[in-house]
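Geometric and topological summary
Take a look at the letters that make up each chain.
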Amino acid sequence: MAKTIILTSEQIRAARALLRWGQTDLAEESGVSVPTIKRLEGIRGVVVANRVTVLAISRALEVAGVEFLPANGSGPGVRLKK
C-alpha cells in the first residue's frame, strides 16, 4: 500500500521560500496548475486535495532539495537537504 503524504500549506509556502520559487515555478516543476497551488496555499493546515496532486507537489519540492519534517511535538516543517 502506498504511503499517505501529509503536507500543510505552510510547508509548501516555506519550501518555495527556501528555493526562492514563485507559485509559477512550483506549477511548472510539479505539473499542478497555478490556481490549484494558490487554492491549496490559501487554506491553513493540512492540504486537502487529490492524492496525485499532493504527491506531484511534494516530489517536485523534494527533487529540488527540500526535506519535509514530520510534526514531532513542535509542528511540521521543511529544510534544505544537506
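Report on the accompanying structure. Just so you know, these numbers come straight off a predicted model, no measurement behind them.

**Some words on helix H2 (residues 23–30)**
- Of the residues making up H2, those classed as buried are Gln23, Leu26, Ala27 and Ser30. End-on view of H2: buried residues confined to an arc of 100°, all on one side of the axis. Among the exposed residues of H2, those oriented more than 90 degrees off its buried face are Glu28 and Glu29.
- Residues of H2 that are buried make contact with helix H1 (9–19), helix H3 (34–41) and helix H4 (51–63).
- With its phi angle positive at about 80°, Gly31 sits one or two positions after the end of H2.

**Looking at the pattern of salt bridges**
- All chains considered together, the criterion is met by two salt bridges.
- We note a salt bridge from Arg16 to Glu41, for which the minimum N-O separation is 2.6 Å. Of the two residues, Arg16 is situated in helix H1 and Glu41 in helix H3; the sequence distance between them amounts to 25 residues. Of the two residues, Arg16 and Glu41, neither departs from the other in class, the shared state being buried.
- The salt bridge partner of Arg79 is Glu67, with a shortest N-O separation of 3.2 Å. Separated by twelve residues along the polypeptide, Arg79 in strand E2 (residues 77–80) and Glu67 in strand E1 (residues 66–69) bring together distant segments of the chain.
- On the basis of relative accessible area, Arg79 is assigned to the partly exposed category, the value being 43%.
- Overall, Glu67 belongs to the partly exposed group, its relative accessible area being 29%.

The rules behind each value
Residues numbered from 1 in each chain as written. Predicted model: local features only at pLDDT ≥ 70, side-chain atom pairs only at ≥ 80, totals over all residues. Heavy atoms only, no water. Buried < 20%, exposed > 50% of the residue type's maximum accessible area, 1.4 Å probe, protein only. Helix = DSSP H or I, 4+ residues; strand = E, 2+ residues; numbered from the N terminus. Arc of directions from axis to C-beta. Contact = heavy atoms within 4.5 Å. Salt bridge = Lys/Arg side-chain N within 4 Å of Asp/Glu carboxyl O.

Keep in mind these values describe shape, not function.
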